[in-house]
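Below, each chain spelled out in residue letters.
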Amino acid sequence: MKNKVLTLLTASLLFTSTVAQQAYEPTQDNLKTRKEFQDDKFGIFIHYGIYSMLGDGEWVLHTWNLKHKEYAKLAGGFCPSKFNAAEWVAAIKASGAKYICFTTRHHDGFSMFDSQYSNYNIVKSTPFNRDIVKELTDECHKQNIKVHFYYSHLDWGRDDYPLGRTGGNTGRKLQENWDSYYRFMNNQLTELLTHYGPVRAIWFDGWWDQDQKPGFDWHLPQQYAMIHKLQPACLIGNNHHQLPYSGEDIQIFERDLPGENTFGLSGQAIGHLPLETCETMNTSWGYKITDNNYKSTEALIRLLVKAAGKDANLLLNIGPQPDGCIPDASIERLKYIGEWLKTNGETIYGTRGGVVPPRDWGVTTQKDDKIYVHILDWKDKGLFLPITDIKIKKACLFKNKKNISFSQNKQGLFLQLPEVPTGVDYIVELQW
């Protein structure tokens, strides 16, 4: 198998050397995947690794100023005995999510899959001795959940990774060798794209670690070309907090909806690619034992609705416990969202941002000849919508299809609601 991987990698690198400088032209399969991705609207992020054992998030190696060699000893005790891929995927599927994005390797450098290019992985370094990525992806394919892989561009443990602005106190014997580190990453990415079946997206993170070195070159065009050669339909996103680069297929926003920047990470302009916002259920990505500050189910549903109204997907995070169980608080929220989507999913799945841009009162989504007005915060029975170019034929409450009165003129559409809107999301359906 190793010879096969090396052959694939060599062929891929030869290919990328000739196309890296060419403008990226996605294949028809890739464009089809982009549309499918936009239609899905809802995915689940999973941050899980040996950092989960310390119960203080996925950055603990950096935030605690730990020495990497000592931190790495955690692997010897990592045994998530209650991990059950079928239960994970079933719970996520019940939430209405259409895809999973799993952290195959985070900034601590520990691989959650069986890699031939590093013994620092879940199969070779832990008593668990099982490939979680393999079990999870097999179950996703079985239950018809799409697979996305998170992969860190930076590494706080490897000596050959050039020193960036994070992870500087981990005790590495710095022997910076970009060519060596770049080959290592591409070898692992080749494994992920050849051993685990169809992968719908690679979700990169860590570009920002070298943002204080203006001349630093990640060689992204070559890496992106290699990925697209191995799986042409695979989408590439990079959480670099910039406008997308050539070769990328989706644009990522962290902890804010497109156009917002309350966390200081998403001030970039909105490009032309499919959009995705990632957000936590509580305040942490990886498991944090003291973090019980979970967002309410109502707030999470409204976040999903607002994302759809901005023509974006929501990638909602869970951080499994060290034993491999998903926290009860997360399970409860997954169930609630799933029940809501069973009733209201028509107004979310397959839609695009509506003709009326987001307002303080809510958002609109649109599909075919229908516009869905999602009223999230409005204390009046009358609502004006500046819809002038489309002639509305019918207006009704989505929940029971009862017609409601409306009038339309050259200024727009005025809805006469039967009541002051209440609930998580008061939805009016317009047909034109």
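About the cut-offs
- Residues numbered from 1 in each chain as written.
- Predicted model: local features only at pLDDT ≥ 70, side-chain atom pairs only at ≥ 80, totals over all residues.
- Heavy atoms only, no water.
- Helix = DSSP H or I, 4+ residues; strand = E, 2+ residues; numbered from the N terminus.
- Rg over C-alpha atoms; globule rule 2.2 N^0.38 Å.
- Buried < 20%, exposed > 50% of the residue type's maximum accessible area, 1.4 Å probe, protein only.
- Contact = heavy atoms within 4.5 Å.
- Areas by Shrake-Rupley, 256 points an atom, 1.4 Å probe, with all protein chains shown as cover.
- Axes fitted to C-alpha atoms, helices over the stretch in contact; angles between N-to-C directions.
- Parallel < 35°, antiparallel > 145°, perpendicular 65-115°, else oblique.
- Left-handed = near helix turned anticlockwise from the far one by under 90°.
- Nonpolar A, V, L, I, M, F, W, Y, C, P; charged D, E, K, R; others polar.
- Pairing = 2+ DSSP bridges.
- Expected span 1.5 Å × (residues − 1).
- Polar contact = N/O pair within 3.5 Å; in protein donor to acceptor, adjacent residues only side chain to side chain.
- Core = buried A, V, L, I, M, F, W, Y, C linked by side-chain atoms within 4.5 Å.
- Salt bridge = Lys/Arg side-chain N within 4 Å of Asp/Glu carboxyl O.
- Arc of directions from axis to C-beta.

Asks: What am I meant to see in the overall build of the chain here?
Replies: A count of helical and extended segments in the chain gives 10 helices and 16 strands. Expected size for 432 residues packed as a compact globule is a radius of gyration near 22 Å; at 23 Å, the chain falls within 12% of this value. For the chain, the spread of C-alpha atoms along the principal axes amounts to about 70 × 50 × 40 Å. Taking all 432 residues of the chain together, the buried fraction comes to 56%. Excluding contacts between residues fewer than 6 apart, the proportion of contacts in the chain whose partners are at least 24 apart in sequence is 70%. Of the roughly 18100 Å² that the chain leaves accessible, carbon and sulfur atoms contribute 50%.

Asks: Just to check I follow, could you spell out the packing of helix 9 (residues 297–309) against helix 10 (residues 328–344) for this structure?
Replies: Two packed helices can be described by the angle between their axes and the distance between those axes. Axis separation between helix 9 and helix 10 bottoms out at 10 Å; the angle between their running directions is 50 degrees. Of the possible angle classes, the one that applies to helix 9 and helix 10 is oblique. Here the hand of the crossing between helix 9 and helix 10 comes out right-handed. Contact residues: helix 9 offers Thr 297, Glu 298, Leu 300, Ile 301, Leu 304 and Val 305, while helix 10 offers Arg 333, Tyr 336, Ile 337, Trp 340 and Leu 341. Across the contact of helix 9 with helix 10, the residue classes break down as 8 nonpolar, 1 polar and 2 charged.

Asks: I'm lost on the packing of helix 7 (residues 178–195) against helix 8 (residues 220–230) in this one. Help?
Replies: Running from N to C, helix 7 and helix 8 point in directions that differ by 20 degrees, and their axes come no closer than 10 Å. By the angle class used here, helix 7 and helix 8 are roughly parallel. Like other packed secondary-structure pairs, helix 7 and helix 8 cross with a definite hand, here right-handed. Between helix 7, through Tyr 182, Met 185, Asn 186, Leu 189, Thr 190, Leu 193 and Thr 194, and helix 8, the contact on the second element is made entirely by Gln 222, Gln 223, Met 226, Ile 227 and Leu 230. Its residues assigned to classes, the contact of helix 7 with helix 8 shows 7 nonpolar, 5 polar and no charged.

Asks: What is the right way to read the sheet that holds strand 5 (residues 235–238) from this model?
Replies: Through backbone hydrogen bonds, the strands of a sheet pair up, either in parallel or in antiparallel fashion. Strand order in this open sheet of 8 strands is 5-4-3-2-1-8-7-6, and the pairing throughout is parallel. Two strands close off the open sheet at either side, each with one partner strand: strand 5 and strand 6 (251–254). Across the sheet, the axes of successive neighbouring strands diverge by a mean angle of 25 degrees, strand direction being ignored. Where helix 7 meets the sheet, its contacts fall on strand 2 (99–105), strand 3 (146–152) and strand 4 (201–205), and the angle it forms with strand 3 comes to roughly 165 degrees.

Asks: Help me understand helix 2 (residues 28–40) in this model?
Replies: Residues separated by three or four positions in an α-helix point in the same direction, a consequence of the helix having 3.6 residues per turn. Taking 1.5 Å of rise per residue, 13 residues should cover 18 Å, and helix 2 covers 19 Å from first to last C-alpha, within 8% of that figure. Those residues of helix 2 lying buried are Asn 30, Thr 33, Arg 34, Phe 37, Gln 38, Asp 39 and Asp 40.

Asks: Would you take a moment to explain the side chain of Asp 155 for this structure?
Replies: With respect to the element layout, Asp 155 can be found in the loop between strand 3 and helix 7. Exposure remark for Asp 155: the relative accessible area of 2% places this residue in the buried category. Reaching out from Asp 155, the side chain makes a polar contact with the side chain of Arg 105 at a distance of 2.4 Å. Here the side chain of Asp 155 touches Arg 158 through a polar contact of 2.9 Å, landing on its backbone nitrogen. Each residue touching Asp 155, except ones within four places of it in the same chain, is listed here: Arg 105, His 107, Asp 108, Gly 109, Tyr 161, Arg 172 and Tyr 181.

Asks: Hey, could you run me through the environment of Gly 264 in this one?
Replies: Within the fold, Gly 264 resides in the loop between strand 6 and strand 7 (275–280). Residue class for Gly 264 comes out exposed when judged on its relative accessible area of 52%. Sequence separation between Gly 264 and His 241 is 23 residues, and the spatial gap between their C-alpha atoms is 9.7 Å.

Asks: For this particular structure, what's the right way to read the nonpolar core?
Replies: Phe 42, Ile 44, Ile 46, Ile 100, Phe 102, Met 112 and Ile 202 are the most contacted members of the largest nonpolar core, which totals 88 residues. With residues near it in sequence (within four places) discarded, Ile 100 still touches Ile 44, Ile 46, Val 89, Ile 92, Leu 136, Cys 140, Ile 145, Lys 146, Val 147 and His 148. Ranked by size, the runner-up nonpolar core spans 19 residues in total, among them Trp 361, Ile 392, Leu 417 and Val 428.

Asks: I would appreciate a short explanation of the pattern of salt bridges in the present structure.
Replies: The tally for this structure, following the rule as stated, stands at 21 salt bridges. Close ionic contact of Lys 134 with Asp 138 constitutes a salt bridge, the shortest N to O distance being 3.5 Å. Residue Lys 134 and its partner Asp 138 are both found in helix 6 (residues 132–143); the two are separated by 4 residues, about one turn of the helix. A cluster of three or more residues bridged by salt bridges with shared partners is formed by Glu 36, Asp 40, Lys 146 and Arg 200.

Asks: What should I look at first to understand helix 6 in this one?
Replies: Between its first and last C-alpha, helix 6 extends 16 Å over 12 residues, near the 16 Å set by a 1.5 Å rise per residue. Buried within helix 6 are the following residues: Ile 132, Val 133, Leu 136, Thr 137, Glu 139, Cys 140 and Gln 143. The buried residues of helix 6 occupy one face: seen down the axis, they fall within an arc of 160 degrees. One side-chain oxygen at the N-terminal end of helix 6 lies 3.1 Å from the backbone nitrogen of Val 133; it belongs to Asp 131.

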